[in-house]
Structures are given as structure tokens and as C-alpha cells.
Amino acid sequence: MSTYRDFTAPIGSRRAPVLRTVGTRERRSHLAPRVPTVGIDIGGTKVMAGVVDADGNILERLRTETPDKSKSPKVVEDTIVELVLDLSDRHDVHAVGIGAAGWVDADRNRVLFAPHLSWRNEPLRDRLADRLAVPVLVDNDANSAAWAEWRFGAGRGEDHLVMITLGTGIGGAILEDGQVKRGKYGVAGEFGHMQVVPGGHRCPCGNRGCWEQYSSGNALVREARELAAADSPVAYGIIEHVKGNIADISGPMITELAREGDAMCIELLQDIGQWLGVGIANLAAALDPSCFVIGGGVSAADDLLIGPARDAFKRHLTGRGYRPEAHIVRAQLGPEAGMVGAADLARLVARRFRRAKRRRVERYERYERYAEARRTTQESL
């Protein structure tokens, strides 16, 4: 397996399985022991692992490509285990948190569905806990990113926060009063599949007109390629940039050209931003948060995207002019938010594990004192 790492060290010992229980009161995870934990961010193209301390600092990180989705789930699990054990050779890891790009059940054990991986109702937590020496927590990657931004990033101090992740599609998460809201079945926050244009563009989810078909990395690239394929005069700049190879047009390239002043790329980001603002206004009507945090790769466009989103939000907000308005900010932790958040959520599991271990030790010590007292009494008779 080919990996990127900040520094290298040999892979060594393998460890035994332990506690599998996952805590439910995330709001207290920041009161957990200040011990290092590992966060794993699993996407369709990469697996990123890092050791994170209690202040959200990354002590070491590793990165590797995600095994091909046609392979068995065990191949991805093997990759995760190898990364965790590699990090454990150099760090005293107390728990592992996993942010998965998919739907995770309410117990945070099974990945119900992952569009970019071969996981269908996969008991990921239990399978990894059987192979690792530390407790394991599994959550949706957007939930993990929202937690990280609330603890360490753009959402600090907010009681009602909604995070929107703009990447290939749109993910999201809701955080209220220090808790991630997962819904009855664990799959809340799939904002990208709200229908905004009845009968609109076909979405891979099977429906038409989903929000992510109009405000995402895929939407941005699709529009640019369509203009280039039509040989539109406004697309000459990007056609020249890719030397006529339209398939080479990518989201980061569009953002780069927009920063350099390309009029078409600027307009495309404005269109994406306007659709983003429309969706945010709908979410504000339903959830009424104090803050929207915009993350994901497309958010790298910053004010080229978020400026138009703010304008569209103000125009479409229900009751505009007669209600407080949520503020819209860009995420601060970048692509590492999911990894940092997963590690921090896992810290609660470490706290519960340490508490259970301490209770076992205390029970053993009480038994030893009782046995010693009995031996002393019998010897005196």
C-alpha cells in the first residue's frame, strides 16, 4: 500500500480487542481525558488518518488511496487497520474515530450505504473493534467535520450550527446545544438530496432536481464542460487552458482561473453560490440556526462562492427583514476537519473505557482488601 506520511517509522506490534461501547452525550467529549486519539476520514478517493490531541492539533498524519470500490469491504478495513497500527507504534492511542462518507445508523455501528464504497449495511465498528486494541467510534464524515468546526474552528461559541460540505456532492450536519443531531435512524443532514428543481437534472440517488445537482463540485464542472463542448466564446479561456481536452476541466482549475479573472469561471462560481444561498434559505426556514459553516473542497473559492451565497440567502429568506439572520462563514479546518472531528468524538469513548477500566481495578482492589481481612481474621482464631 502506497502512503503519504509526515515522517516514517516501521510497522510493528499488533494489539488485542477491547471495549465496543459508543457514548451518546457528545457534548461532554471535551471533558474527557486529554489523551491522543486517531481520526480516520474515508472518502471515495482517499483514506486519511491522523493522531489528534485534545486541543485539535494533528501530531502525525498518514494518507493513502482508497481501494477500488469494486473490491470487498474487507480491503478497506485492512487499509484502516494498517494505518491505525502504524500510528500506534509511535503514539499511545486511546480510541479511534472514523468519519465515513455514507449513511451511518443511529447506533454508529453500521454503514448503511456508502455511494463510493462497497459498504451496504456493513458492521464497521464491530469488525474494526475485533481487530484493534482500542475502542472504535463510527460516524458520518459531515457530522465529524461539523463537530470539529464547532470545537476548534469557525463554529466555536455557536449553540445552533448547520454545516454544509460542498464537494463532489453536498453533505451536511446539524449541531444543537453541543450535540450532533442524527435523527431517528442516523441519516439526518443529507441536504444535498432536497429537491429544488422538480424534473431537473438527474441525480445518482435516483431522483431529479436535487440541490447538489445545482450547487456542488459536480455541478460546477458539468456546466464548464458543457460550455466548452458547445465551443462557447465565453469558454475560450478554459478551452485554451486545457488545450482542448475538455475532460481535463476540474473544479480546482475553475477556481484558479476565476481568481485570475476569467469571466466565465467567475460567473459559474456565482451561479453555484446563488443556488447555495437558495438552499441555505430553505434550511434556515426549517432549522433556524445561528450559523451556517460552508466546508468541502468547493469552499476553497471563498468569497467568489460565499459572497453570492450570502446575497441569494438574503433575497430568499422567509420573513426577511423581520427576523434575525444566520451568518454564513467558511470552514476553517479545511480537508482535515472530518479527521479531527472523528478523533475528538472518539475521545468520549476513551473516557468511558478508562472509567470502566478504573472501576474494574477498584473492584479488584476492594476484593483484595476483603480477602486479606478474612485471611487475617482466620489466622487470629
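Here, the structure is the one placed above.
Residues numbered from 1 in each chain as written. Predicted model: local features only at pLDDT ≥ 70, side-chain atom pairs only at ≥ 80, totals over all residues. Heavy atoms only, no water.

### Considerations on the environment of L137
Moving on, step 1. Among the structural elements, L137 can be located in strand β9 (residues 136-140).
Moving on, step 2. Using a relative accessible area of 2% as the deciding quantity, one classes L137 as buried.
Moving on, step 3. Distance from L137 to L345, taken between C-alpha atoms, is 7.7 Å for residues 208 residues apart in sequence. (Helix = DSSP H or I, 4+ residues; strand = E, 2+ residues; numbered from the N terminus. Buried < 20%, exposed > 50% of the residue type's maximum accessible area, 1.4 Å probe, protein only.)

### Focus on helix α6 (residues 251-259)
Moving on, step 1. Within α6, burial applies to G251, M253, I254, T255, L257 and A258.
Moving on, step 2. Contact partners of the buried residues in α6: α4 (217-229), α5 (236-241), α7 (263-287) and α8 (303-316).
Moving on, step 3. G261 occupies a position one or two residues after α6 and carries a positive phi of about 105 degrees. (Contact = heavy atoms within 4.5 Å.)

### Brief notes about the side chain of R182
Moving on, step 1. For R182, the position within the fold is in the loop between β12 (179-180) and α4.
Moving on, step 2. Of the polar contacts made by the side chain of R182, one reaches the backbone oxygen of V180; its length is 3.5 Å. (Polar contact = N/O pair within 3.5 Å; in protein donor to acceptor, adjacent residues only side chain to side chain.)

### Section: the pattern of salt bridges
Opposite charge on two side chains permits pairing when their charged atoms draw close.
Moving on, step 1. Taken as a whole, this structure holds 17 salt bridges when the rule is applied.
Moving on, step 2. K46 serves as the salt-bridge partner of D41, at 2.9 Å between the closest nitrogen and oxygen.
Moving on, step 3. The class of D41 is buried, set by a relative accessible area of 8%.
Moving on, step 4. Salt-bridge contacts for K74 lead to D78; the nearest nitrogen and oxygen are separated by 3.3 Å. Remark: D78 and K74 occur in helix α1 (residues 73-88); sequence separation between them is four residues, near one turn of the helix. (Salt bridge = Lys/Arg side-chain N within 4 Å of Asp/Glu carboxyl O.)

### Some thoughts on the packing of aromatic side chains
Moving on, step 1. This model, assessed by the stated rule, comprises four aromatic pairs.
Moving on, step 2. Residues W103 and F113 carry aromatic rings whose centres are separated by 6.3 Å and whose planes lie at 70 degrees to one another, so their mutual orientation is edge-to-face. Residue W103 is located in strand β6 (residues 103-104), and its partner F113 is located in strand β7 (residues 111-113); the two are separated by ten residues in the primary sequence.
Moving on, step 3. Ring centres of F292 and F313 lie 6.2 Å apart, and the angle between their planes is 65 degrees; on these two criteria the pair is classed as edge-to-face. Taken together, the positions of F292 in strand β13 (residues 291-295) and F313 in helix α8 put the pair 21 residues apart, joining distant regions of the chain.
Moving on, step 4. You can call F292 buried: its relative accessible area is 0%. (Phe/Tyr/Trp six-rings, centres within 6.5 Å; stacked < 30°, edge-to-face > 60°.)

### What about the state of the cysteines?
Moving on, step 1. Tallied over the full model, the rule gives zero disulfides.
Moving on, step 2. Free cysteine C203: the closest other cysteine sulfur is in C205, separated by 3.7 Å.
Moving on, step 3. Left without a disulfide partner, C205 is nearest to the cysteine sulfur of C210, which lies 3.6 Å away.
Moving on, step 4. When its relative accessible area of 39% is taken as the criterion, C205 is described as partly exposed. (Disulfide = S-S within 2.5 Å.)

### A word on the sheet that holds β13
Moving on, step 1. Taken in spatial order, the five strands make up an open sheet running β12-β11-β10-β13-β14, and their pairing is mixed. Only two strands of the sheet have a single neighbouring strand rather than two, namely β12 and β14 (327-330).
Moving on, step 2. Strand direction decides the pairing type here: strand β10 (residues 160-166) and β13, joined by five bridges, are parallel. Counterpart to I164 in the pairing with β13 is I294.
Moving on, step 3. Helix-sheet contacts for helix α3 (residues 141-152) involve β10, β11 (170-176), β12 and β13, and the interaxial angle to β11 is about 50 degrees.
Moving on, step 4. Where α7 meets the sheet, it contacts β10, β11, β13 and β14, and its direction lies at approximately 150 degrees from that of β10. (Pairing = 2+ DSSP bridges. Axes fitted to C-alpha atoms, helices over the stretch in contact; angles between N-to-C directions.)

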